[in-house]
Amino acid sequence: RSTPLYSSAASDVYKRQILISGFVSAITLLILSILALYLTILLFPSIALEYYDPAFQSNSERDFLYYIHPVILGFALAWFWERFKGMLKGGFTMRGIEFGIIYSLVATLPSMWIIFSAMNVSLTIVFTWFLYGFVQALVAGLICEKMNP
């Protein structure tokens with residue numbers, strides 16, 4: 001059962017659980033993003049080459065945004081977990097998988113749809129982004145399930 005963040009006595013405990021699980025998720029997702037970057041270059045060089053397209057402007061002034069994204073996402077998913085964990089059924093792994101699926105369908109799929117329709121990117125790139133979004137939510141869900149059941 002999800003407890004409202006504005007409840008009286010338990011509020012600080014829930015906020016602390018969200019912050020701690022958000023921090024652990026953020027650091028884990030940051031490490032995952034760096035690993036995914038290097039693994040893509042190593043294992044899928046043809047996909048990595050697509051990032052040299054003019055649609056992807058590498059501007060060193062904005063590169064830090066890539067590294068901030070997992071931090072923002074980690075805290076957002078920790079909050080999302082707190083709000084909806086009571087609706088997820090099953091054991092540890094099943095709840096993490098369900099959380100990943102819900103996030104993927106609610107947030108990632110519509111984002112990938114609009115990106116594919118508006119930008120000059122391949123379906124392969126969009127699919128890998130969708131899959132990566134699912135993995136991020138799955139990992140964050142498992143972390144939150146472990147730290148804030």
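Our structure is the block above this text.
Each value, and the rule that gives it
- Residues numbered from 1 in each chain as written.
- Predicted model: local features only at pLDDT ≥ 70, side-chain atom pairs only at ≥ 80, totals over all residues.
- Heavy atoms only, no water.
- Helix = DSSP H or I, 4+ residues; strand = E, 2+ residues; numbered from the N terminus.
- Buried < 20%, exposed > 50% of the residue type's maximum accessible area, 1.4 Å probe, protein only.
- Contact = heavy atoms within 4.5 Å.
- Areas by Shrake-Rupley, 256 points an atom, 1.4 Å probe, with all protein chains shown as cover.
- Lys, Arg positive; Asp, Glu negative; His and termini not counted.
- Charge placed at Lys NZ, Arg CZ, Asp CG, Glu CD.
- Axes fitted to C-alpha atoms, helices over the stretch in contact; angles between N-to-C directions.
- Parallel < 35°, antiparallel > 145°, perpendicular 65-115°, else oblique.
- Left-handed = near helix turned anticlockwise from the far one by under 90°.
- Nonpolar A, V, L, I, M, F, W, Y, C, P; charged D, E, K, R; others polar.

### Some remarks on the overall build of the protein
Reasoning step 1: Per the secondary structure count, the protein includes five helices and zero strands.
Reasoning step 2: Counting helices and strands in the order they occur from the N terminus, the protein gives α-α-α-α-α.
Reasoning step 3: Projecting the C-alpha coordinates of the protein onto the three principal axes gives extents of approximately 55 × 30 × 30 Å.
Reasoning step 4: The buried share among the 149 residues of the protein stands at 30%.
Reasoning step 5: In the protein, the share of contacts with a sequence separation of at least 24, taken over all contacts with a separation of at least 6, comes to 75%.
Reasoning step 6: When the accessible area of the protein is evaluated, it comes to approximately 9,300 Å², of which 72% is carbon and sulfur surface.
Reasoning step 7: Measuring between centres, the 9 positive side-chain charges of the protein sit 17 Å from its 8 negative side-chain charges.

### Notes on the packing of helix H3 (residues 64-84) against helix H5 (residues 123-147)
Reasoning step 1: Between H3 and H5, whose axes approach to 10 Å, the crossing angle comes to 55°. Classified by the angle their axes make, H3 and H5 are oblique. The handedness of the crossing between H3 and H5 is right-handed. Contact residues: H3 offers His69, Leu73, Leu77, Ala78 and Trp81, while H5 offers Gln136, Ala137, Ala140, Gly141, Cys144 and Glu145.
Reasoning step 2: Among the residues forming the contact of H3 with H5, the class breakdown is seven nonpolar, three polar and one charged.

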